[in-house]
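As a plain string of letters, each chain reads:
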Amino acid sequence: MCLGVPGKIVERYEKEGLPMGKVDFGGGTLREACLAYVPEAQPGDYTIIHVGFALNILSEEDALETLALLREMDSLGEELAPDEVCN
Amino acid sequence: MKYVTEFRDAELVGGVLEKIRQTVTRPWTMMEICGGQTHSIVRYGIDQLLPPEIELVHGPGCPVCVTPLEQIDRALAIAARPDVIFTSYGDMLRVPGSARDLFSVRASGGEVRVVYSPLDAVKIAQANPDKQVVFFAIGFETTAPANVMAVMQAKNLNLKNFSVLVSHVRVPPAMHAILGSPSNRVQGFLLAGHVNAVMGYHEYPPLLEKYQVPMAITGFEPLDLVQGIYETVRMLEAGRVEIVNAYARAVTFEGNQPAQKMINQVFMECDRAWRGIGVIPASGWCLRPEFDGFNAEKRFDVGDIVTKESPLCIAGQIMQGLKKPHDCSAFGKQCSPETPLGATMVSSEGACAAYYKYGR
Ligand code: SF4
């Protein structure tokens, strides 16, 4: 039950006094979620949805940075391997 | 950027695993706090791909597993009342109480409904003014923002027929309990990323200081998990005691401020019993007195509860990293998902369920 799933906010509106939105989880799955805790979220933003609530806005910059770092590490590993053999 | 497929890239995962192999020189035991992470680790076989020096033990971060038996029995008693519609996250239905589970209460005529979000329970209360609607508000910090909002919304809508049965727990006090135990084996932690998405990580430095264990805030995809493990191994090998944010796209130091504010408005700290583990001081959240009107424990008198736990179940020791599911003599024999003796065998975040499902 604790699983949080990333999704893309596609619409923002109000319902019974609560900020709500439609979130696209990919593969044609759209679900309503409460956006009360992400007041600055806009359509197009990605968020982690947990039991019907957006917990944050995902940072694309941080995601790309992490991936770049890991890719770099990966290629470094490959470059290092032959060296080790030579030594 | 879809935030899913990118973090399941097998080649990158392989690269990080290789770095882990190159880095590790001696045995280390680390714990992933969150049961969701346990399931990812076992599902993707990460536990089997790691070098043999690294042992992962599985933490207490499974809200269904740690909800105390007494509270389950109370839920069962409330759910059986003819005036009640009892609502719960689906995971809770098969969790064994002392004598039965919510599923069997439903089979014998109780109205038990599974909801996806606590706001759905509020909607059910609006649609059924002649019934008492009770929501089983269990969970860790991740789930608290949703559960408190349901209470606030019921208050704002002036609902008189909605209440919550609260069994909320928090991660840092549980880590205190694990690390402070003389039999502790945990040398490093993978922190539960979505707990930190809500709470940030300003609560952790005192733990770091007191127990000298490194921690990495870790996400849930395979690449996140191996990255968290790699960061932790690096710190352990170098003798560094730090907290590294290996889930930066989702977690900030401060966490989600509006959510923390709302939690503080509705909940206050309290002692809480953890199933199989016992009472951990200040480890829970309960409703503030001003929300007594929404407190199911106050609304329904169910009399004395006498609990009876299976004598075979060692789930409490598993969740403290002292044992593994295989160490339980009942695993796969008397205890299976069809005939569970403990909650850990039926929860989608339970370690026993993960080992059973993925054939460990
Ligand atoms: S296998 Fe069953 S009885 Fe054994 S610890 Fe797990 S849940 Fe408890």
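Parameters at a glance
Residues numbered from 1 in each chain as written. Chains lettered and ligands numbered in written order. Predicted model: local features only at pLDDT ≥ 70, side-chain atom pairs only at ≥ 80, totals over all residues. Heavy atoms only, no water. Near = heavy atom within 4 Å. Nonpolar A, V, L, I, M, F, W, Y, C, P; charged D, E, K, R; others polar. Helix = DSSP H or I, 4+ residues; strand = E, 2+ residues; numbered from the N terminus. Buried < 20%, exposed > 50% of the residue type's maximum accessible area, 1.4 Å probe, protein only. Contact = heavy atoms within 4.5 Å. Core = buried A, V, L, I, M, F, W, Y, C linked by side-chain atoms within 4.5 Å. Salt bridge = Lys/Arg side-chain N within 4 Å of Asp/Glu carboxyl O. Disulfide = S-S within 2.5 Å. pLDDT = per-residue confidence, 0-100. Axes fitted to C-alpha atoms, helices over the stretch in contact; angles between N-to-C directions. Parallel < 35°, antiparallel > 145°, perpendicular 65-115°, else oblique. Left-handed = near helix turned anticlockwise from the far one by under 90°. Phe/Tyr/Trp six-rings, centres within 6.5 Å; stacked < 30°, edge-to-face > 60°. Lys NZ or Arg CZ within 6 Å of the ring centre and 35° of its normal. Expected span 1.5 Å × (residues − 1). Polar contact = N/O pair within 3.5 Å; in protein donor to acceptor, adjacent residues only side chain to side chain. Pairing = 2+ DSSP bridges. Right-handed = clockwise from strand over helix to strand, strands pointing away.

In the vicinity of the ligand, the residues found are B:Cys313, B:Ile314, B:Ala315, B:Ile318, B:Cys328, B:Phe331, B:Cys335, B:Leu341, B:Gly342, B:Met345 and B:Cys352. In terms of residue class, the shell around the ligand is built from ten nonpolar, one polar and no charged.

With respect to the element layout, B:Val148 can be found in helix H8 (residues 144–156). Judged by its relative accessible area of 0%, B:Val148 falls in the buried class. Look past the residues within four positions of B:Val148 in its chain and what remains in contact with it is A:Tyr37, B:Met262, B:Ile263, B:Val266 and B:Phe267.

Residues and elements named next belong to chain B. Counting 129 residues, the largest nonpolar core has Ile-20, Phe-86, Phe-162, Phe-189 and Ile-229 as the members making the most contacts within it. Filtering out sequence-adjacent residues up to four positions away, Ile-229 remains in contact with Ile-20, Met-30, Ile-46, Leu-50, Ile-54, Leu-56 and Leu-190. Core analysis: the second largest hydrophobic core is formed by twelve residues, Val-42, Ile-318, Ala-330 and Cys-352 among them.

What follows deals with the pattern of salt bridges. All names here are of chain B. In the structure shown here, the tally under the stated rule is 20 salt bridges over all chains. Of the charged contacts, one joins Arg-94 and Asp-101 as a salt bridge, the two residues approaching to 3.9 Å between their closest N and O atoms. Classification of Asp-101 by relative accessible area gives buried; the value is 14%. Note that Arg-113 and Glu-111 form a salt bridge whose closest N and O atoms lie 2.9 Å from each other. The exposure class of Arg-113 is partly exposed, given its relative accessible area of 29%. Residue Glu-111 is classed as partly exposed on the basis of its relative accessible area of 27%.

Now for the state of the cysteines. Residue and element names in this part refer to chain B. One pass over the structure, following the stated rule, counts one disulfide over all chains. The residue that forms a disulfide with Cys-62 is Cys-65, at a sulfur-sulfur distance of 2.1 Å. Sign of the S-S torsion, about 65° for the bond between Cys-62 and Cys-65, identifies this disulfide as right-handed. Neither residue differs from the other here; Cys-62 and Cys-65 are each classed as buried.

Further remarks concern the confidence of the model for chain B. Confidence in the prediction of chain B, expressed as mean pLDDT, is 96, and 100% of residues score 70 or more. For this predicted complex, the interface confidence comes out at an ipTM of 0.94, alongside a pTM of 0.94.

Turning to the packing of helix H1 (residues 10–23) of chain B against helix H12 (residues 222–238) of chain B, a few remarks are in order. Residue and element names in this part refer to chain B. The contact between H1 and H12 brings their axes to 9 Å, and the two run at 15°. The orientation of H1 with respect to H12, classified from their angle, is roughly parallel. Crossing hand, H1 versus H12: left-handed. Residues Leu-12, Val-13, Val-16, Leu-17, Lys-19, Ile-20 and Thr-23 of H1 pack against Pro-222, Leu-223, Val-226, Gln-227, Ile-229, Tyr-230, Val-233, Arg-234 and Glu-237 of H12. Class assignment for the residues of the contact of H1 with H12 results in eleven nonpolar, two polar and three charged.

With that settled, the discussion passes to the packing of aromatic side chains. Residue and element names in this part refer to chain B. Going through the model one piece at a time under the given rule, you end up with nine aromatic pairs over all chains. Judged by centre distance (5.3 Å) and plane angle (85°), the rings of Tyr-89 and Phe-135 are edge-to-face. Of this pair, Tyr-89 sits in the loop between strand E3 (84–88) and helix H6 (102–107) while Phe-135 sits in strand E5 (residues 132–139); the two residues are 46 residues apart in sequence, bridging distant segments of the chain. You can call Tyr-89 buried: its relative accessible area is 4%. In this structure Phe-135 comes out as buried when scored by relative accessible area, which is 0%. A cation over a ring is seen here: Arg-94 above Phe-103, with NZ or CZ 6.0 Å from the ring centre. Lying across the ring of Phe-7, Arg-249 places its NZ or CZ 3.5 Å from the centre.

Moving on, we get to H1(B). Because each turn of an α-helix spans 3.6 residues, side chains separated by three or four positions end up pointing in the same direction. Taking 1.5 Å of rise per residue, 14 residues should cover 20 Å, and H1(B) covers 20 Å from first to last C-alpha, within 8% of that figure. You can read the cap of H1(B) off the contacts: a side-chain oxygen lies 2.9 Å from the backbone nitrogen of B:Glu11, and it is on B:Asp9.

The next point concerns the confidence of the model for chain A. One rule of thumb: low pLDDT means the predicted coordinates there are not for detailed reading. Residue and element names in this part refer to chain A. Averaged over every residue, the pLDDT of chain A is 87; residues scoring 70 or more account for 84%. Taken element by element, the predicted model of chain A shows its lowest mean pLDDT in helix H1 (residues 60–86) (71) and its highest in strand E5 (residues 53–54) (98). pLDDT under 50 marks residues 79–87. Its contacts with residues more than four places away, or in other chains, come to zero contacts.

To continue, consider the pairing of strand E6 (residues 162–169) of chain B. All names here are of chain B. Burial within E6 is extensive, with eight of its eight residues counted as buried. Judged by which residues are buried, E6 turns out to be covered on both faces: Phe-162, Val-164, Val-166 and His-168 on one side and Ser-163, Leu-165, Ser-167 and Val-169 on the other are all buried. As paired strands, E5 and E6 are joined by seven bridges and run parallel to one another. Paired with Phe-136 across the strands is Leu-165, a residue of E6. Of the crossover connections in this fold, the one passing from E5 over H8 to the parallel E6 is right-handed. With two bridges joining them, E6 and strand E11 (residues 278–287) adopt antiparallel strand pairing. Residue pairing across strands places His-168 opposite Trp-285, the latter belonging to E11.

Residues and elements named next belong to chain B. Spatial strand order, E2-E1-E7-E8-E9: five strands in an open sheet with parallel pairing. Only two strands of the sheet have a single neighbouring strand rather than two, namely strand E2 (54–61) and strand E9 (243–245). Across this sheet, the average inter-strand angle for adjacent strands is 25°, counted without regard to direction. Sheet topology note: the strand E1 (residues 28–34)/strand E7 (residues 188–192) ladder contains three bridges and is parallel. Looking across to E7, one finds that Met-30 is bridged to Gly-188. Here H12 sits on the sheet and contacts E1, E2, E7, strand E8 (215–218) and E9; the angle it forms with E8, its principal contact strand, is near 170°.

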